[in-house]
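Residue-level listing of the chains:
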Amino acid sequence: MDTRERLIESARELLWERGYVGTSPKAIQQRSGAGQGSMYHHFHGKPDLALAAISRSAEELRARAEAQFSGPGGVVDRITAYLRRERDVLKGCPVGRLTQDPEVMGDPDLRGPVAETFAWLTGRLAGLLAEGREDGELDLRLDPAATASALVAVLQGGYVLARAAGSPEAYEQAVDGAVGLLTAHVRRPAGGA
């Protein structure tokens, strides 16, 4: 891994752990093993490096989600796989946690990748749910946009509940509830029991 990549990865980890204010250039340099000159050779300053780190976290979140969304099975199976995939629940969502950071939310450039990621995730879920309705897998009364927003809210809220409880069980329970609500809209075959 080259110096630029080590700087981005170190900034990503520190932003996830400490937030923007707690992520000093010195801490990034120490974690990455890069000197001050290297950091400023690759980035114009902390905001520039933070933007690269946040953008990378957002890209990875979308790629991991898309792996489940485009996987095998019906729409409900794919969404369930996404909801239940392994996560570092007690650490929180690397993108979602940034919404609690006033420095990130107060800077339109830093907030941009966060907002775009949640818009993409909600839109992608809504598209899958609409596909499930069109294919007859899901009840026509299901509102894809509202349900997609609720699923994203459950995930993010599940992280908060788990962190508050100090246990991933709260997250798992929230996901189980969301899956139960979603599967309640699965259409039963005509004449089925």
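Computed from a predicted structure; not experimentally measured.

*Asks:* What is the right way to look at the overall build of the protein in this model?
*Replies:* When you go through the protein residue by residue, the secondary structure sums to nine helices and zero strands. Each principal axis of the C-alpha distribution contributes one length, and for the protein these read about 70 × 30 × 30 Å. Evaluated residue by residue, the protein yields a buried proportion of 42% over its 193 residues. Within the protein, counting contacts between residues at least 6 apart in sequence, those at least 24 apart form 66% of the total. Here the protein displays about 9,800 Å² of accessible surface, and carbon together with sulfur accounts for 52% of that area. The protein carries 23 positive and 26 negative side-chain charges, and their two centres are separated by 2 Å.

*Asks:* Explain the packing of helix α5 (residues 75–84) against helix α9 (residues 169–183) here, please?
*Replies:* Relative orientation and spacing of two packed helices are given, respectively, by the angle between their axes and the distance between those axes. The geometry of α5 relative to α9 is characterised by a closest axis approach of 10 Å and an angle of 170° between their N-to-C directions. The pairing of α5 with α9 is recorded here as roughly antiparallel in orientation. Residue-level contacts link Val76, Ile79, Thr80, Leu83 and Arg84 of α5 to Tyr171, Val175, Asp176, Val179, Leu182 and Thr183 of α9. Partitioning the contact of α5 with α9 into residue classes produces seven nonpolar, two polar and two charged.

*Asks:* Is there a simple way to explain the pattern of salt bridges in this structure?
*Replies:* Working definition: two side chains of opposite charge can pair if their charged atoms are close together. Inspection of every chain in the model, using the stated rule, returns eleven salt bridges. Between arginine 56 and glutamate 5 there is a salt bridge, with the nearest N and O atoms lying 2.8 Å from each other. Highlighted residues: arginine 56 in helix α4 (residues 46–69) and glutamate 5 in helix α1 (residues 3–18), separated in sequence by 51 residues. A relative accessible area of 25% means that glutamate 5 is categorised as partly exposed. One salt-bridge network, in which partners are shared between bridges, spans Glu5, Glu9, Arg12, Arg56, Glu60 and Arg64.

*Asks:* What am I meant to see in the packing of aromatic side chains here?
*Replies:* A ring pair, where both rings are aromatic, is described by two values, the distance of the centres and the angle of the planes. Tallied over the full model, the rule gives three aromatic pairs. When the centroid spacing of 4.8 Å and the interplanar angle of 50° are considered together, the rings of phenylalanine 69 and tyrosine 82 count as tilted. Placement of the pair is phenylalanine 69 in helix α4 and tyrosine 82 in helix α5, with a sequence separation of 13 residues. Each member of the pair phenylalanine 69 and tyrosine 82 is classed as buried. Taken together, the ring pairs connect Phe69, Tyr82 and Trp120 into an aromatic cluster.

*Asks:* I tried to follow the environment of arginine 62 on my own but got confused; where do I start?
*Replies:* Within the secondary structure, arginine 62 is located in helix α4. Once the C-alpha coordinates of arginine 62 and serine 32 are considered, the two residues, 30 residues apart in sequence, prove to be 25 Å apart. Beyond its immediate sequence surroundings of up to four residues, arginine 62 is in contact with Thr117 and Trp120.

*Asks:* Would you mind going over α4 with me for this structure?
*Replies:* Structurally, the α-helix is built with 3.6 residues per turn, so residues lying three or four positions apart point the same way. Taking 1.5 Å per residue, 24 residues should reach 34 Å; α4 reaches 34 Å between its end C-alpha atoms and fits that length. Within α4 the residues assigned to the buried category are Lys46, Leu49, Ala50, Ala53, Ile54, Arg56, Ser57, Ala58, Leu61, Ala65 and Phe69. Those residues of α4 that are buried lie in contact with α1, α2 (25–32), α3 (36–42), α5, α6 (102–105) and α7 (108–134).

*Asks:* What am I meant to see in the environment of glycine 71 here?
*Replies:* By secondary structure assignment, the location of glycine 71 is in the loop between α4 and α5. Judged by its relative accessible area of 23%, glycine 71 is partly exposed.

*Asks:* I'm lost on α7 in this one. Help?
*Replies:* If you check α7, its first and last C-alpha atoms are 37 Å apart, about what 27 residues at 1.5 Å a residue would give, namely 39 Å. Its side-chain oxygen placed 2.8 Å from the backbone nitrogen of aspartate 109, aspartate 107 serves as the N-cap of α7. Following α7 by one or two positions, glycine 136 adopts a phi angle in the positive range, close to 85°.

Scoring rules and cut-offs
Residues numbered from 1 in each chain as written. Predicted model: local features only at pLDDT ≥ 70, side-chain atom pairs only at ≥ 80, totals over all residues. Heavy atoms only, no water. Helix = DSSP H or I, 4+ residues; strand = E, 2+ residues; numbered from the N terminus. Buried < 20%, exposed > 50% of the residue type's maximum accessible area, 1.4 Å probe, protein only. Contact = heavy atoms within 4.5 Å. Areas by Shrake-Rupley, 256 points an atom, 1.4 Å probe, with all protein chains shown as cover. Lys, Arg positive; Asp, Glu negative; His and termini not counted. Charge placed at Lys NZ, Arg CZ, Asp CG, Glu CD. Axes fitted to C-alpha atoms, helices over the stretch in contact; angles between N-to-C directions. Parallel < 35°, antiparallel > 145°, perpendicular 65-115°, else oblique. Nonpolar A, V, L, I, M, F, W, Y, C, P; charged D, E, K, R; others polar. Salt bridge = Lys/Arg side-chain N within 4 Å of Asp/Glu carboxyl O. Phe/Tyr/Trp six-rings, centres within 6.5 Å; stacked < 30°, edge-to-face > 60°. Expected span 1.5 Å × (residues − 1). Polar contact = N/O pair within 3.5 Å; in protein donor to acceptor, adjacent residues only side chain to side chain.

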